[in-house]
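Spelled out from the first residue to the last, the chains are:
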Amino acid sequence: MMEDGKILGIISIKGGVGKTTAVSNLGAVLAKRFNKKVLLVDGNITAPNLGLHLGILNSKHTLHDVLYNQVPIWNAIQKSEHGFDVLIGSLVPKKDQKGRVNPYKLHNRLSQIKKDYDLILIDSSPNINDEMLSTMIAADELLVITSPDYPTLSCTMHAVKVAKERKTPIAGLVLNKVRHKKFEISADEIESSTGVPVLSVIGDDVKVLESLSKTTPASICSPNKDFTIEYSLLASKLTGDDYEDPRLLSKIKRVFGK
Ligand SMILES: Nc1ncnc2c1ncn2[C@@H]1O[C@H](COP(=O)(O)OP(=O)(O)OP(=O)(O)O)[C@@H](O)[C@H]1O
Ligand SMILES: [Mg+2]
């Protein structure tokens, strides 16, 4: 029997820092470059938007149908054109789904399909609520997305504290939207304030925004850009698979060329 896959929760308690972007890009590099069987799940239950990032607006069944016990989880999973599977949420509530959905069922439902995947990535809500806690409970490990400014750092410290209290291991931080300006908080300072390693530093790049308008992960639109290499390095850290940074090779070639 295949070993169970790992469930990775992608969290932050600040909106707009890049959780959904990280989920779609990590999913794309894990599937395309590392040949992993990957499922992306929209755990942002009240404001799902993973499907919007990927251009998947319709699904016969959604995570909401699964959490309302209307269909088994297998029926709500669909294949994407980028090599990974997706489980999206309903953008608007269905008429026959009355009452509040129970996000805590996520853990049980995902455990039914864990063995079918190498990795399951959960995109989470930016608020500390039942939805985010359900991601923490369902996940084997967490990645916390942050950016180099004090308001986000304060939210990141809070998210780390909550994860530690709930005893969900944190794989590390992803420092996103970095412009390498002097006024930005450094990765070292973020590490010492949170006690968690920064696994990846991803630059702020308008190409990421452009890819959103094309509803395609940026790593697919721009396979040779720095952010794609950074997501690939992050994927290799998470899986333990080898990945050689192509920038090192071109640097060596430049030196020898001289
Ligand atoms: N490295 C980056 N460079 C430039 N733009 C980025 C980068 N990462 C994310 N963005 C942009 O920032 C915006 C917010 O990203 P995203 O939707 O991934 O954040 P989020 O944390 O999932 O937000 P929410 O909490 O609302 O779900 C999007 O327009 C996205 O394209
Ligand atoms: Mg999001």
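Preceding this section is the structure that the text describes.
Residues numbered from 1 in each chain as written. Chains lettered and ligands numbered in written order. Predicted model: local features only at pLDDT ≥ 70, side-chain atom pairs only at ≥ 80, totals over all residues. Heavy atoms only, no water.

1. Comments concerning the overall build of the protein
Part 1: Counting secondary structure elements, the protein contains eleven helices and eight strands.
Part 2: Taking 258 residues into account, the globule formula puts the C-alpha radius of gyration at 18 Å, and the protein, at 18 Å, falls close to it.
Part 3: By its C-alpha atoms, the protein is 70 × 40 × 35 Å across when sized along the principal axes.
Part 4: Expressed as a percentage of contacts within the protein between residues at least 6 apart in sequence, the contacts between residues at least 24 apart total 77%.
Part 5: As displayed, the protein offers around 12,600 Å² of accessible surface, 53% of which is attributable to carbon and sulfur atoms.
Part 6: Positive and negative side-chain charges of the protein, numbering 34 and 29 respectively, have mean locations separated by a distance of 3 Å. (Helix = DSSP H or I, 4+ residues; strand = E, 2+ residues; numbered from the N terminus. Rg over C-alpha atoms; globule rule 2.2 N^0.38 Å. Contact = heavy atoms within 4.5 Å. Areas by Shrake-Rupley, 256 points an atom, 1.4 Å probe, with all protein chains shown as cover. Lys, Arg positive; Asp, Glu negative; His and termini not counted. Charge placed at Lys NZ, Arg CZ, Asp CG, Glu CD.)

2. Quick notes on the side chain of His 61
Part 1: Locating His 61 in the fold gives a position in the loop between helix H2 (50–54) and helix H3 (63–67).
Part 2: At 3.1 Å, the side chain of His 61 forms a polar contact with the side chain of Asp 65.
Part 3: Those residues in contact with His 61 that sit more than four places away from it in its chain are Val 71, Asn 75, Ala 76 and Lys 94. (Polar contact = N/O pair within 3.5 Å; in protein donor to acceptor, adjacent residues only side chain to side chain.)

3. So, the sheet that holds strand S2 (residues 38–43)
Part 1: Strand order in the open sheet made by the eight strands is S3-S4-S2-S5-S1-S6-S7-S8, with mixed pairing throughout. Whereas interior strands pair on both sides, the edge strands pair on one side only; in this sheet they are strand S3 (78–79) and strand S8 (198–203).
Part 2: Of the pairings in the sheet, the one linking strand S6 (residues 141–146) to strand S7 (residues 170–178) comprises five bridges and is parallel in character. Bridge pairing in S7 links Ile 145 to Val 174.
Part 3: Along the sheet, helix H1 (residues 19–32) makes contact with strand S1 (6–11), S2, strand S5 (119–124) and S6, crossing S5 at roughly 165 degrees.
Part 4: Strand contacts of helix H6 (residues 150–165): S1, S6 and S7, with the helix running at about 170 degrees to S6, the strand carrying the most contacts. (Pairing = 2+ DSSP bridges. Axes fitted to C-alpha atoms, helices over the stretch in contact; angles between N-to-C directions.)

4. Let's talk about the pattern of salt bridges
Part 1: Counted by the stated rule, this structure contains 13 salt bridges.
Part 2: Note that Lys 161 and Glu 165 form a salt bridge whose closest N and O atoms lie 3.3 Å from each other. Remark: Glu 165 and Lys 161 occur in helix H6; sequence separation between them is four residues, near one turn of the helix. Accessibility assignment for this pair places Lys 161 and Glu 165 in one class, exposed.
Part 3: A salt bridge links Arg 247 to Asp 226; the nearest nitrogen and oxygen atoms lie 3.1 Å apart. Taken together, the residues Arg 247 in helix H11 (residues 246–257) and Asp 226 in helix H10 (residues 226–239) connect sequence positions 21 residues apart. (Salt bridge = Lys/Arg side-chain N within 4 Å of Asp/Glu carboxyl O. Buried < 20%, exposed > 50% of the residue type's maximum accessible area, 1.4 Å probe, protein only.)

5. Observations concerning a nonpolar patch on the surface
Part 1: A surface patch of nonpolar side chains, amounting to about 390 Å² of accessible area, comprises Leu 52, Leu 57, Leu 91 and Val 92.
Part 2: Its place among the elements puts Val 92 in the loop between strand S4 (85–87) and helix H4 (105–113).
Part 3: Exposure remark for Val 92: the relative accessible area of 61% places this residue in the exposed category. (Patch = residues over 30% accessible without salt bridge, like charges linked within 9 Å, V, L, I, M, F, W, Y side chains within 5 Å.)

6. Comments concerning the site of ligand 1
Part 1: Residues in contact with ligand 1 amount to 20 residues; listed here are only the nearest, Lys 19, Thr 20, Thr 21, Asn 176 and Gly 203.
Part 2: Within the side chain of Thr 20, an N or O atom sits 2.8 Å from an oxygen atom of ligand 1.
Part 3: Backbone polar atom of Asp 205 to a nitrogen atom of ligand 1: 3.0 Å apart, as the coordinates give it.
Part 4: Protein burial of ligand 1: of its 630 Å² of free accessible surface, 85% is covered by the chains.
Part 5: Listing elements by their share of the shell around ligand 1, those giving two or more residues are H1, S7, S8 and helix H8 (206–213). (Near = heavy atom within 4 Å.)

7. Considering the pairing of S2
Part 1: Most of S2 sits out of view: six of its six residues are buried.
Part 2: Relative to S5, S2 runs parallel, the two sharing six bridges. Bridge assignment links Val 41 to a residue of S5, and that residue is Ile 122.
Part 3: Direction of pairing for S2 relative to S4: parallel, over a ladder of three bridges.

Remember, this is a structural readout, not a statement about activity or role.
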